[in-house]
Each structure stands twice: as C-alpha cells, then as structure tokens.
Amino acid sequence: MALFWNKPSLLRKKEFSFLSCLLVMGGMVLFDSAAKADGQKNKPSTEEFTDDNSPLNGLTDWHLVPAGGGGDWKTAIGRVQSNAKDIERLKTEGNPLLPQPEHLFGTWGGINPWLYKRGINLNLDNQNEFAGNITGGKKKGATNAGAVDANLDVDWSTLVGKNWLTDGLVSHMTVLGRYGSPVSKLVGENITSVQEIYGAGGNVVAKLVNLYNDKYFMDGKIVTSFGRTNVGGFYATSPIHCYFMNNGLCGNPKPLTGQAAGFNAWPDSTWGITTLFRPIEHFYVRIGIFQVSRAAYGNASGHRAGWASLVRTGSDAGGEFPLEVGYEPHWGKNDLVGHYKAGFAYDTSSYPVWGSGLNGKKITAMNGSDQRWKRGRDVEWLLLDQMFHRNGPGDLNGVIGYVGFVHSNPLTFQRQNQVIVGMINTGFWKARPMDAFGLLFIHQIMSGKMRDAQRYNLAHGFPIQNIGDATGIQTSETSFEATYIIHVYRGVRFQPDFQYEIHPNAQKNIKDAAFLGFKSRIDF
C-alpha cells in the first residue's frame, strides 16, 4: 500500500502553506505552555470544577467531553486513563457505569439525582451548527443544521439488585431528531461537510440511534457490547474528534464512514456485538462483528428512522469484522496520557467497482446491468494522540497533539487516503478552566480508480456526473479548521469556528472556500 499513491503530490504549495501555519501555531502554543510550566514546575492543578446542583458535584473532566464523544468515553470505568481522583469519588459518590453530564437546569427539581441513585441517567440535549460561506465555492450563503436527542442509560444492578445477570449490565438507548440543511450544498461540496451534524441521519423527527447493552466483567478488563449500535461508536473513535465541526474527522475519519458501508457511524446503526479485552495495563484489543444493511443509509419506508430495521432483514448484504489494538501510556510524574491505536475492518458485502463492467469492459455510468461488482473491501487506520502538557487533573485538561492516517480500498471507495494533523488545548486559561481551542488539518486523496473512470468519461464525451456525482475530475481536498469552545454556563457551550477548504469536493474547478460559523450545545 503506497502512502501517497496519487498525483498530484500531497503537499502542493497551498496545502504546504496551511500545514506550515498549523504547525507554527501549534508550536507557539506548546512553547507558551512549556514556558508557563517552567514557572509553575509543571504541576497539575488541583482546582476542580464544582456545581452544587450536580449529582456528583462535578467531575474533573466529564464536562469537557464534547458532543459526539462516544464509545468508552461515555463512562469513567471505560476510560482506563481516567485520573484516580475521579475514580475514587465515583466509588463513594456516584456510579462509574453511567455518564455524568452537566445540566442547564441543575437537578431538575431533584428528579435527576433521584433517578441517578437508582441507576438511571436521562439526558436531553440540543446541538446547532451554523456556517456561512464567505468566499469561494459555487455560491455564497449560510445555513443552520441541528439535532435534538434523548439519551437513557440504565445500570440494572443498581435498579433491581445485583445478581449474576445484572452485575455490570448497563443498557443504552438514544433517539435523535435532526433538522436544517448544510451550507456545503451551496458550495458544491459532497466530499466533506463543514457541518458534521447534517448527514446520514436526514431530517427525521425521531430516529433510533442506539439500543444496546454493555456487560462488564473483571472490573472492566473485559467489556462486551451487543445490540443495535454502530461500528464508529467503538472503533477509530476519540472525544478529540468532535472538538471540531468538520465532518472529515467528527465523529470518525471520513474514509471509514463516508459511503454506505459496513463501517457505519452515528447516527446510523445495525445489529452487532463487540468485545474489549484489557489483558495488561495500558493495552487493549477490541474485536467485533456487525450486520451490514444497504438500508442503513437509504430512504426506504421505516429504515431512515431506524425503527423498521429492528425486524426487517431484506436489505442485509453481509458482515463487518473490525479489529483494533491500542496502547494507552501514562508518561512522567504529571501523568501525560497518550492513545495509540491501529485498526482494520473487512466488509464481506459486494460493491460496484469504479468504471468497470463485466468481462473487463469500460462503463460510463455506475450501477447498470453491466456493472462489475466486487465482494469484500477493507479499511485501515492509525490514530495517535498524546498529551504534552497538563493544565489540570482531567484526561483532556492539557495540550494534546493528534495525528492520523486512514486508508480505504480504492476499487470501490470514493476516498483512498486521509492524513490528519491537529491539536487541542483545554484549561490553558486559569480564569476559564473549561474553555478550549483546537487547530485541525485534513488532507484527503480520492480513489485513483474513480478518477480514471471520470477521465475516461471526459475524454469520450460522456457525463462526468455519472461517476462519483462530480462536476470535475476529483483528485484531492484539503481542509483547515480553527475553533474555540466557550463554556458559557453549566450545560451550555458556544463554539466560534473558522474553516477553509482547498479544492472543495476534491475538484480544481471549484474555487477554494472559507467559512465562518459556530457550534453550540445545551444539555438540559
């Protein structure tokens, strides 16, 4: 597998300029943090967020996990790198198997802590993402896209008593409603939306996202999750991803989830089972098997909302088999946490090969009667993040660098390679310890097989839109994002955001575009 198989080169002049800016700005942040550390002996702050209305009076870092942070990050016991202070508090004051979000309305008149003590967590939240195209693209404009979702978590041992079945058994259910439209349509962008919240879920009033269970064994050394959920909630995931608004990273790297495929992601779901093993400290292996349904991203009656898919199997196409290994070290006396993960997933379903017909013939339109289909396709990922400086005791309280590389099979996938470089800095401002900012660079290279088919159509007078729904040859696309998270009040976050895209939709014939907007979240 070649890292950069396509032409042109990964780093053209424009891409190089933006990457250089990113690295310079990141270096300035690291230098500034290091300078502060010298003056303060780089000791983690013991100051913690307090909220007298919270069932737990606040944890040191739960409130920092942004919208979209899923999988193991939802609970303290699932975060093996969680600081000892939180773990000890949870043993006596809370429940390590349940999330601990902030709430705008505090205790809901005493209802929330009453439920929590009985093993029930209920959370309602609303998220909006507004973006305006201020220059470039096909057309200027601004749109808003949003979602309202309800989350229910039940720890059965607390609710009904502990026995061999309920001990470590937690159920999760999420129902979501989405609304609005993406600004990317005005730009001519179909590869990477600047508003991650609009996508496969569609404008559905009540979509079933999750209906699954976790079963913990041996104090979390083995965790089996089974039911109706998505691959992306457990594999190639991180709370860092949704610090950002660009759909190229939030909630999973886009080459993994960008087409109807076995590696499905929030808010779509299928039946599946996955098991996490922690044989030794700081190391894990996760394996799983998930249903692949062609209806997961479709508009068939009942399937878009997810409810009919609970019982209908007519659109089943195969199975998805993901595997991920990870190393989560703690470096030095200041407990600088890292997450290094590598993964592979294989989908046994059949997919159309770009521009390829039966008996080796060229075709000029996809999915016709003469389309060649290939069974099985693979994706691979390598994702690394490391805290370099600690601003406080929480898992995310500090300067964290992030790099990643993702590859997908170019015969049937639209994207072939993706390179990610980013950083976040949380708690750097002592007066506002819950604020954070981030910088992100993403470069995506399109499938060489798809590009060859587009060039064939262009050379022989056939519509290029027949291959990849494009209006020009698709080569590569680069995105840059700078964002700042403002903690306005308990349960309320407001996030100004700037993005710049070079070659939107991976097409040179679409002008580079700049976007201004914001992301907001309220946990009621």
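Structural notes, computed from the coordinates. (Residues numbered from 1 in each chain as written. Predicted model: local features only at pLDDT ≥ 70, side-chain atom pairs only at ≥ 80, totals over all residues. Heavy atoms only, no water.)

## Observations concerning the overall build of the protein
We count it as follows: The way it works is that DSSP assigns letters per residue, a run of H or I at least four long becomes a helix, a run of E at least two long becomes a strand, and they are numbered from the N terminus. Note on classification: 1.4 Å probe, protein chains only; a residue is buried when its accessible area is under 20% of the maximum for its type, exposed when over 50%, partly exposed between these limits. Contact criterion: two residues are considered in contact whenever any of their non-hydrogen atoms come within 4.5 Å of each other. The protein chains shown are the only cover counted for residues, whose accessible areas, like all others here, come from Shrake-Rupley with a 1.4 Å probe.
Looking only at helices and strands, one finds seven helices and 17 strands in the protein. Burial statistics for the protein: of 524 residues in total, 60% are counted as buried. Contacts spanning at least 24 positions in sequence make up 67% of the contacts within the protein whose residues lie at least 6 apart. When the accessible area of the protein is evaluated, it comes to approximately 21200 Å², of which 62% is carbon and sulfur surface.

## Quick notes on the packing of aromatic side chains
Selection criterion: Classification of ring pairs rests on two measures: the distance between centres of Phe, Tyr or Trp rings, Trp counted by its six-membered ring, which must be within 6.5 Å, and the angle between planes, read as stacked under 30 degrees, edge-to-face over 60 and tilted in between.
Taken as a whole and judged by the stated rule, the model has eight aromatic pairs. A ring pair is formed by F428 and F437, whose centres lie 5.0 Å apart and whose planes are at 80°; its orientation type is edge-to-face. F428 gets classed as partly exposed once you look at its relative accessible area, which sits at 25%. Overall, F437 belongs to the buried group, its relative accessible area being 17%.

## Description of the state of the cysteines
The line we're drawing: Throughout, a disulfide means two cysteine sulfur atoms within 2.5 Å of one another.
Under the defined criterion, the tally for this structure stands at one disulfide. With its sulfur 1.9 Å from that of its partner, C242 forms a disulfide with C250. Judged by the sign of its S-S torsion, about 90°, the cystine formed by C242 and C250 is right-handed. Here C242 and C250 have matching classes, each one buried.

## Considerations on the environment of P267
By the secondary structure assignment, P267 is in the loop between α6 (254-257) and β6 (270-277). Residues P267 and V175 lie 92 residues apart in sequence; the distance between their C-alpha atoms is 9.2 Å.

## Quick look at the pattern of salt bridges
A side chain with one charge can pair with a side chain of the opposite charge if their charged atoms come near. Keep this limit in mind: Salt-bridge detection follows one rule: a side-chain nitrogen of Lys or Arg within 4 Å of a carboxyl oxygen of Asp or Glu.
For the coordinates displayed, the defined rule picks out seven salt bridges. Here R521 makes a salt bridge to D125, at a shortest N to O gap of 3.3 Å. Remark: D125 occurs in strand β1 (residues 120-135) and R521 occurs in strand β17 (residues 513-523); sequence separation between them is 396 residues. Accessibility assignment for this pair places R521 and D125 in one class, buried. With a shortest N-O distance of 2.6 Å, R432 and D435 are connected by a salt bridge. Given a relative accessible area of 27%, R432 falls into the partly exposed group.

## Examining the environment of T426
Our working rule: We define a polar contact as two N or O atoms separated by no more than 3.5 Å, with the added condition that, inside protein, one atom must be a possible hydrogen donor and the other a possible acceptor, whereas residues neighbouring each other in sequence contribute only through side-chain atom pairs.
Mapped onto the fold, T426 is located in strand β13 (residues 415-426). A relative accessible area of 0% places T426 in the buried class. Once the C-alpha coordinates of T426 and N397 are considered, the two residues, 29 residues apart in sequence, prove to be 5.1 Å apart. At a separation of 3.0 Å, a polar atom in the side chain of T426 contacts the side chain of Y243. From its side chain, T426 meets the backbone oxygen of L396 in a polar contact 3.4 Å long.

## Concerning the nonpolar core
Put simply, the test is: The set of buried Ala, Val, Leu, Ile, Met, Phe, Trp, Tyr and Cys residues whose side-chain atoms join them within 4.5 Å is what this entry labels a nonpolar core.
F263 and W381 are the most contacted members of the largest nonpolar core, which has 29 residues in total. Contributions of two or more residues to this core are made by β10 (336-357), β11 (371-390), β12 (398-408), β13 and β14 (436-446). Take this core: its biggest share by element is four residues, from β11. Among the nonpolar cores identified, the runner-up in size contains nine residues, and M366, M446, M450 and I467 belong to it.

## What about the pairing of strand β4 (residues 207-217)?
Put simply, the rule reads: The pairing criterion is simple: DSSP has to find at least two bridges between the two strands.
Burial analysis of β4 places eight of its 11 residues in the buried class, the great majority of the element. Relative to β4, strand β3 (residues 169-180) runs antiparallel, the two being bridged by eight bridges. Within β4, the residue paired with L176 across the bridge is K207. With seven bridges connecting them, β4 and strand β5 (residues 222-229) associate as antiparallel partners.

## A look at a nonpolar patch on the surface
Operational definition: Only residues whose relative accessible area exceeds 30% and that form no salt bridge enter a patch; like-charged residues are grouped when within 9 Å of one another, and nonpolar side chains (Val, Leu, Ile, Met, Phe, Trp, Tyr) when within 5 Å.
On the surface, F226, I273, I289, F321, F344 and Y346 cluster together into a nonpolar patch covering about 490 Å² of accessible area. If you trace the backbone, F321 turns up in strand β8 (residues 316-327). On the basis of relative accessible area, F321 is assigned to the partly exposed category, the value being 38%.

## Some thoughts on the side chain of S171
Among the secondary structure elements, S171 is positioned in strand β3. Among the polar contacts listed, one links the side chain of S171 to the side chain of W156, at a separation of 2.7 Å. Every residue in contact with S171, bar those within four places of it in the chain, is listed here: L152, D153, V154, W156, Y212 and N213.

In short, the description is geometric, and any link to function would need to be established separately.
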